[in-house]
Amino acid sequence: MTGAVDPFVMNLTVFVLAIFIGYHVVWNVTPALHTPLMAVTNAVSGIIIVGAMLAAKPQEMDVGTILGLIAVALAAINVFGGFLVTQRMLAMFKKKGK
Amino acid sequence: MSANSVYLAYLVAAVLFILTLKGLSSPVSSRRGNMFGMTGMAIAVLTTLSLTHNVGLILLAIAVGGTIGAIVARRIEMTAMPELVAAMHSLVGLAAVLVAMAAFNNPVAYGIALAGESLHSSNRIELFIGTFVGAITFTGSIIAFGKLSGKLSGKPLRFAGQHWLNLLLGIAMLGFGIAFFLSPSWTPFLIMTAIALALGVLLIMPIGGADMPVVVSMLNSYSGWAAAGIGFTLNNNMLIIAGSLVGSSGAILSYIMCKAMNRAFFNVILGGFGGEASAEAAGDGVQKTYRSGSADDAAFLMGNADSVIIVPGYGLAVARAQHAINEMSKVLTEKGVKVRYAIHPVAGRMPGHMNVLLAEAEVPYEQVVEMDEINNEFADTDVVLVIGANDVVNPAAKNDKSSPIYGMPILDVYKARTVLVVKRSMATGYAGLDNDLFYMDKTMMVFGDAKKVVEDIIKAIA
């Protein structure tokens, strides 16, 4: 084996392993919590905020940084909305008398 | 921060996201899981923030979006969760498209091209995939949002040659994708994005209201794949891992929903079901007889039973009768009646929706049982109260091969000793089918508004 590994191959490795983990973890989610699961995955997919922040990173403003800032705001709606609404729902699933 | 420490921080965040999903295996561990998720997101955001120059502006954008998100999360009604989730999918889709455009605008800033050179060829493919998945998610989710919130008709919109048009657009999109790959410039990129946006609309328009649980799950999955696609473009593991977790979660939910409705995934995607009030629904012309009774009769039957199973459908939520039904079960439990709720996977309008609606009404979750666990117990149950549900208790799914819902898993309500059905009228359900359960000798129909009937039952028992 010679030469450096292409970043694509490294990405693919991470991608495939993450799908496996996701598959096994999600099958263990109790059906009663499928709606909170969707809400929390909404928040997690707000991770696009990381990409958006990198787009807004350069010092000099141009079209790209503005698009990035808009995307940051959109993703932030998901992050905050998703986690908070999940928290609100999960609070309803408390045992009685506690 | 060095690149290594950034990636190590991302690794911590990724592990926290996995623990978030793992926590949802039980209501008790789920709240801690959600805290893990928030922590993971905070780590990811703060780490990335340290890499940027426009800290002030970015924090401002987060504050604006975060405030909107927090207000919506606080105010949203639980019945409107499907719309909220659909709306949020569209935001992820749009954000993915914007990030892709920014990346293409200035690839050097992302470190995915050397100064003066254009985008690396493998990055072009990834950019193309991330963009079109994002664009389809964006417009598709808007249509799903419109249908779920009633702003658009839930009826499937179909026209001749629809599938051919979609196929043609798909091929054209691919063609411009190849053109973009060969010479990366704005023209093919924008045309390709525009086609993907149109496809999102065209793909979701023909899907009927009854199939929305599948569509919402599917778009959930797409939003994850869009994020993962952008992660490939930017060589960013954080996006790839989090996106894949969401993508596989949505895919599994789509599968579970399809199975619960006995629908092949492709048939759902191709659309048309749920909304055509089929002509055959009018029945075979024979006037069938049914027995109807009052709320007092229902109260008498349930008050004297040893065990009662309540089968709630979305009609219960429409009538806002969740709290009343919880009051009724409390009164029955005090009389020594064993009360449980049987939940069909598609009882609500998204996976697990009915569980949330009952939890909101403070129904203890120990009383709420999933279909597979409770189906064997109907035969030993004195009284089943079906309220706001129809197709999911239709025995035709088991014994009538000609029925459109034949093969769909149902709650075996027909096996119980006595069945009470609360309904507004004899009208058919989503699938537009007649229900033999209503004409059985042991069935008593109670007509009226669900909330009113339940309140009357409470009065009569107490």
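Once a new chain begins, its residue numbering starts again from 1 and follows that chain's sequence as written. Chains and ligands are labelled sequentially in the order written, the chains with letters from A and the ligands with numbers from 1. It should be noted that, the model being predicted, local features are given only for residues of pLDDT at least 70 and side-chain atom pairs only at 80 or more, the latter also being counted only at that level, while totals for whole chains, interfaces and linings use all residues. Side-chain metrics rest on all non-hydrogen atoms present in the structure, leaving aside hydrogens and water.

> An account of the overall build of chain A is requested, with residue identities and associated values reported.
Strands here are runs of E lasting at least two residues and helices are runs of H or I lasting at least four, both read from the DSSP assignment and numbered beginning at the N terminus. A tally of regular secondary structure across chain A gives four helices and zero strands. What you see for chain A is a C-alpha radius of gyration of 19 Å, clearly larger than the 13 Å of a compact globule of 98 residues, by over 25%. With the C-alpha coordinates aligned to their principal axes, the bounding extent of chain A is approximately 60 × 45 × 15 Å. The 98 residues of chain A split such that 59% are buried. What makes two residues a contact is simply this: any of their non-hydrogen atoms within 4.5 Å. Contacts spanning at least 24 positions in sequence make up 62% of the contacts within chain A whose residues lie at least 6 apart. For accessible areas, the Shrake-Rupley method is used with a probe of radius 1.4 Å. Any residue's cover is judged against the shown protein chains and nothing else. For chain A, the exposed surface amounts to about 4,200 Å²; the carbon and sulfur share of it is 70%. Atoms counted for the radius of gyration: C-alpha only. Globule rule: 2.2 Å times residue count to the power 0.38. Accessible area is worked out with a 1.4 Å probe on protein chains only. A residue is then buried under 20% of its type maximum, exposed over 50%, and partly exposed in between.

> How would you sum up empty space enclosed by the protein? Please name residues and give values.
A 1.4 Å probe that fits but cannot get out identifies a cavity on a 1 Å grid over protein atoms alone, an open set with protein on both sides within 12 Å along at least five of seven lines counts as a pocket, and a residue lines either if it has an atom within 4 Å of a point. Grid points are joined across faces, edges and corners, and a volume is the space filled by probe spheres set on the points. Taken as a whole, this structure holds two cavities of 30 Å³ or more when the rule is applied. A volume near 40 Å³ is recorded for the largest cavity. If you trace the largest cavity, you find it lined by A:Leu54, A:Ala55, A:Pro58, A:Asp62, A:Gly64, A:Thr65, B:Ala102, B:Asn105, B:Asn106, B:Ala109 and B:Tyr110. Elements with a minimum of two residues in the lining of the largest cavity: helix H3 (48–55) and helix H4 (63–92) of chain A together with helix H4 (81–105) of chain B. The classification used treats Ala, Val, Leu, Ile, Met, Phe, Trp, Tyr, Cys and Pro as nonpolar, Asp, Glu, Lys and Arg as charged, and all other residues, Gly among them, as polar. Per-class residue counts for the lining of the largest cavity are six nonpolar, four polar and one charged.

> A description of H3(A) should follow, citing residues and the corresponding values.
Most of H3(A) sits inside the fold, with eight of its eight residues counted as buried. Here H3(A) has its buried residues at A:Ile48, A:Ile49, A:Val50, A:Gly51, A:Ala52, A:Met53, A:Leu54 and A:Ala55.

> Before we move on, can you summarise the interface of chain B and chain A with the specific residues and values?
Contact with chain B, which involves 100 residues of that partner, is made by 79 residues of chain A. By buried area we mean the combined loss of accessible area, with a 1.4 Å probe, across both parts when two parts are placed together. In total, chain B and chain A occlude about 8,000 Å² of area from one another, counting both sides; carbon and sulfur atoms represent 77% of this. Between Lys or Arg on one side and Asp or Glu on the other, a salt bridge is scored when a side-chain nitrogen of the former is within 4 Å of a carboxyl oxygen of the latter. At the junction of chain B with chain A, the criterion picks out zero salt bridges. We call two N or O atoms a polar contact when they sit within 3.5 Å, provided that within protein one can donate a hydrogen and the other can accept it, with sequence-adjacent residues counted only if both atoms are side-chain atoms. Across the contact surface, chain B and chain A share 15 residue pairs in polar contact (both at pLDDT 80 or more). When residues of the side of chain B that touches chain A are traced back to their parent elements, those giving at least two are helix H1 (3–23), helix H2 (27–49), helix H3 (55–75), H4, helix H8 (212–234), helix H9 (237–260), helix H13 (322–334) and helix H14 (353–360) of chain B.

> Explain the sheet that holds strand S4 (residues 383–387) of chain B to me, using residue names and the numbers behind them.
Residue and element names in this part refer to chain B. Following DSSP output, two strands are said to pair if at least two bridges run between them. Taken together, the six strands give an open sheet; going across it, the order is S3-S2-S1-S4-S5-S6, and neighbouring strands pair in parallel fashion. For this open sheet the edge positions go to strand S3 (368–370) and strand S6 (443–447), each flanked by a neighbour on one side alone. Across the sheet, the axes of successive neighbouring strands diverge by a mean angle of 25°, strand direction being ignored. With four bridges connecting them, strand S1 (residues 307–312) and strand S2 (residues 338–343) associate as parallel partners. If you follow Ile 309 over to S2, its bridge partner there is Arg 340. Taken strand by strand, H13 contacts S1, S2 and S4, and its axis lies near 145° from that of S2. Lines are fitted to the C-alpha atoms to define the axes, a helix being fitted only along its stretch in contact, and any angle between axes, read from their N-to-C directions, falls within 0 to 180 degrees. Docked against the sheet, H14 engages S1, S2 and S3, running at close to 145° with respect to S2.

> Outline the packing of H4(A) against H4(B), supporting the account with residue identities and numerical values.
Where H4(A) meets H4(B), the closest approach of the two axes is 8 Å, and the angle between their N-to-C directions is 155°. By the angle class used here, H4(A) and H4(B) are roughly antiparallel. Crossing handedness for the pair H4(A) and H4(B): left-handed. When H4(A) is examined against H4(B), the residues A:Val63, A:Gly64, A:Leu67, A:Ile70, A:Ala71, A:Leu74, A:Ile77, A:Asn78, A:Gly81, A:Gly82, A:Val85 and A:Met89 are found in contact with a partner set consisting of B:Met81, B:Leu84, B:Met88, B:Leu91, B:Val92, B:Leu94, B:Ala95, B:Leu98, B:Val99, B:Met101, B:Ala102 and B:Asn105. A class-by-class count of the residues in the contact of H4(A) with H4(B) yields 19 nonpolar, five polar and no charged. Oblique is the label for any angle not under 35 degrees, not over 145, and not in the 65 to 115 range, which are roughly parallel, roughly antiparallel and roughly perpendicular in turn. Left-handed describes a crossing whose near helix is turned anticlockwise from the far helix through less than a right angle; right-handed describes the clockwise counterpart.

> Please provide a residue-by-residue account of the layout of surface pockets, values included.
Computed from the structure, the second largest pocket encloses a volume of approximately 460 Å³. Around the second largest pocket, the lining is made up of 25 residues, and of these A:Pro31, B:Ile256, B:Pro345, B:Met371 and B:Asp372 lie nearest the centre. For the lining of the second largest pocket, the secondary structure elements donating two or more residues are helix H1 (7–27) of chain A together with H9, H14 and helix H15 (371–374) of chain B. Among the elements that take part in the lining of the second largest pocket, H9(B) stands out by supplying five residues, more than any other. By residue class, the composition of the lining of the second largest pocket is 15 nonpolar, six polar and four charged. The split into domains, and so the bounds of each, comes from an automatic or database assignment of domains. No fewer than three residues from each of domain 1 (76–269) and domain 2 (283–461) of chain B sit in the lining of the second largest pocket.

> I'd like a description of the pattern of salt bridges, backed by residues and values.
If the charged atoms of two oppositely charged side chains come close together, the side chains can form a pair. Residue and element names in this part refer to chain B. For the coordinates displayed, the defined rule picks out nine salt bridges over all chains. Note that Glu 377 and Arg 340 form a salt bridge whose closest N and O atoms lie 2.5 Å from each other. Placement of the pair is Glu 377 in the loop between H15 and S4 and Arg 340 in strand S2, with a sequence separation of 37 residues. Residue class for Glu 377 comes out partly exposed when judged on its relative accessible area of 30%. A salt bridge links Asp 412 to Lys 415, with the nearest nitrogen and oxygen atoms 3.4 Å apart. With a relative accessible area of 4%, Asp 412 lands in the buried category. Among the residues examined, Lys 415 registers a relative accessible area of 37% and is labelled partly exposed. If you follow the salt bridges from partner to partner, you end up with Lys 398, Asp 412 and Lys 415 in one network.

> Any details on the packing of helix H5 (residues 121–148) of chain B against helix H7 (residues 186–204) of chain B? Residues and values, ideally.
The description of two packed helices rests on the angle between their axes and on the distance between the axes. All names here are of chain B. At a minimum axis separation of 7 Å, H5 and H7 run at an interaxial angle of 35°. Judged by the sense of rotation from one axis to the other, the crossing of H5 with H7 is right-handed. Two secondary-structure elements touch here, H5 through Leu 127, Phe 128, Thr 131, Phe 132, Ala 135, Ile 136, Phe 138, Thr 139, Gly 140, Ile 143, Ala 144 and Lys 147 and H7 through Phe 189, Met 192, Thr 193, Ala 196, Leu 197, Leu 199, Gly 200, Val 201, Leu 203 and Ile 204. Split into classes, the residues belonging to the contact of H5 with H7 amount to 16 nonpolar, five polar and one charged.

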